[in-house]
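# Chains, contacts and geometry: an overview
In case you want the letters, here they are:
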Amino acid sequence: MLKTLLLSGYKSHELGIWDTKNPGIIIIKTAIEKQLRTLVEDGLEWVIIGGQPGVELWAAEVVLELKNEFSELKLGVLMPFLEQEKNWKEERKEHYQTIIDQADFVDVVSKKPYIAPWQFKARDEFSLDHTDALLLVYDEEKEGSPKFLKEAAESRLESSNYSIMMINMYDLQTIAEEIQEKERSDWL
């Protein structure tokens, strides 16, 4: 049974999303919520993110909303290094801090500020070691930073019971069409 899930995906700039009012965010959050609902109903207890802006923080918002309905669901934020938000814009820092303040568990893999990319890899490996599955918002046709986490997770498939679930661009297009249809029927 799936108890702990690592959830990740594109950073907001990789999707060309620069502000919080972008309609793409609702589509991504809806896709994540749909997947998480099914998993929680099947026994999921923890969702772990790295706290990166984009899919991870939007997923955290979804988890925090679902906690109102599923009190057993918990959010963990496992950052790659100290002060990862140090150079972010103020609005992004505030959003991040709001998530951190509401999370059930917060920790840092490398207890130092940013040194090198290996800290992201160390966080990925640690997170994969302590979860049962990965849910990744990623599409093979649009490479980006999630590629490295996907590759690390794939290396575990043969030697363990680890699972990888994907939300790809086709899934997001389907959700967008469902939302559009619902809005259209709400007007009728």
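Residues numbered from 1 in each chain as written. Predicted model: local features only at pLDDT ≥ 70, side-chain atom pairs only at ≥ 80, totals over all residues. Heavy atoms only, no water.

The chain appears in an unreviewed UniProt entry as UPF0398 protein AWH48_01545 from Domibacillus aminovorans. Reading the Sequence similarities (unreviewed entry) entry of the UniProt record for the chain gives the comment "Belongs to the UPF0398 family." (UniProt positions renumbered as here; feature names shortened; annotations may be inferred.)

Along the chain, the regular secondary structure elements total 6 helices and 6 strands. Computed over the C-alpha atoms, the radius of gyration of the chain is 16 Å, within 12% of the 16 Å expected from 2.2 N^0.38 for a compact globule of 188 residues. Within the chain, buried positions represent 46% of all 188 residues. Taking as baseline every contact in the chain between residues at least 6 positions apart, the subset at least 24 positions apart corresponds to 81%. (Helix = DSSP H or I, 4+ residues; strand = E, 2+ residues; numbered from the N terminus. Rg over C-alpha atoms; globule rule 2.2 N^0.38 Å. Buried < 20%, exposed > 50% of the residue type's maximum accessible area, 1.4 Å probe, protein only. Contact = heavy atoms within 4.5 Å.)

Another aspect to go through is helix 1 (residues 23-41). Taking 1.5 Å as the rise per residue, helix 1 with 19 residues should run 27 Å; its terminal C-alpha atoms sit 28 Å apart, in good agreement. Regarding helix 1, the residues found buried are G24, I25, I28, K29, A31, I32, L36, L39 and V40. Projected down its long axis, helix 1 carries its buried residues within an arc of 160°, all on one side. Residues P23, I26 and E41 are exposed on helix 1 and point more than 90 degrees away from its buried face. Along its buried surface, helix 1 packs onto strand 1 (4-9), strand 2 (46-49), helix 2 (55-66), strand 5 (133-137), strand 6 (163-167) and helix 6 (169-187). Between the side-chain oxygen at the start of helix 1 and the backbone nitrogen of G24 there is a gap of 2.7 Å, and the oxygen is on N22. Just downstream of helix 1 lies G43, where phi reads positive at about 115°. (Expected span 1.5 Å × (residues − 1). Arc of directions from axis to C-beta. Polar contact = N/O pair within 3.5 Å; in protein donor to acceptor, adjacent residues only side chain to side chain.)

Next up on the list: the pairing of strand 4 (residues 105-113). Pairing of strand 3 (residues 74-82) with strand 4 involves 6 bridges; the strand directions are parallel. Of the residues in strand 4, the one forming a bridge with F81 is S110. Viewed along the sheet, the connection from strand 3 through helix 3 (residues 90-102) into strand 4 turns out right-handed. (Pairing = 2+ DSSP bridges. Right-handed = clockwise from strand over helix to strand, strands pointing away.)

The subject of this paragraph is the packing of helix 1 against helix 2. Running from N to C, helix 1 and helix 2 cross one another at 55°; their axes reach a closest spacing of 9 Å. As judged from the angle between their axes, helix 1 and helix 2 are oblique. As helix 1 packs across helix 2, the resulting crossing turns out to be right-handed. Here I25, I28, K29, I32, E33, L36 and R37 of helix 1 come into contact with helix 2, specifically with V55, W58, A59, E61, V62, V63, E65 and L66. Residues that form the contact of helix 1 with helix 2 fall into these classes: 10 nonpolar, no polar and 5 charged. (Axes fitted to C-alpha atoms, helices over the stretch in contact; angles between N-to-C directions. Parallel < 35°, antiparallel > 145°, perpendicular 65-115°, else oblique. Left-handed = near helix turned anticlockwise from the far one by under 90°. Nonpolar A, V, L, I, M, F, W, Y, C, P; charged D, E, K, R; others polar.)

Once that is clear, we can look at helix 2. Taking 1.5 Å per residue as the helical rise, helix 2 with its 12 residues ought to reach 16 Å, and the 16 Å between its terminal C-alpha atoms agrees with that figure. Burial analysis of helix 2 places 11 of its 12 residues in the buried class, which makes it a mostly covered element. Within the span of helix 2, buried status applies to V55, E56, L57, W58, A59, A60, E61, V62, V63, L64 and L66.

With that settled, the discussion passes to the pattern of salt bridges. All told, the structure shown has 15 salt bridges when counted by the stated rule. Across the pair E33 and R37 runs a salt bridge whose closest N-O atoms are separated by 3.0 Å. One end of the pair is E33 and the other is R37, both in helix 1 and 4 residues apart, which spans about a single turn. Here E33 falls in the partly exposed class, since its relative accessible area comes to 25%. Using a relative accessible area of 25% as the deciding quantity, one classes R37 as partly exposed. (Salt bridge = Lys/Arg side-chain N within 4 Å of Asp/Glu carboxyl O.)

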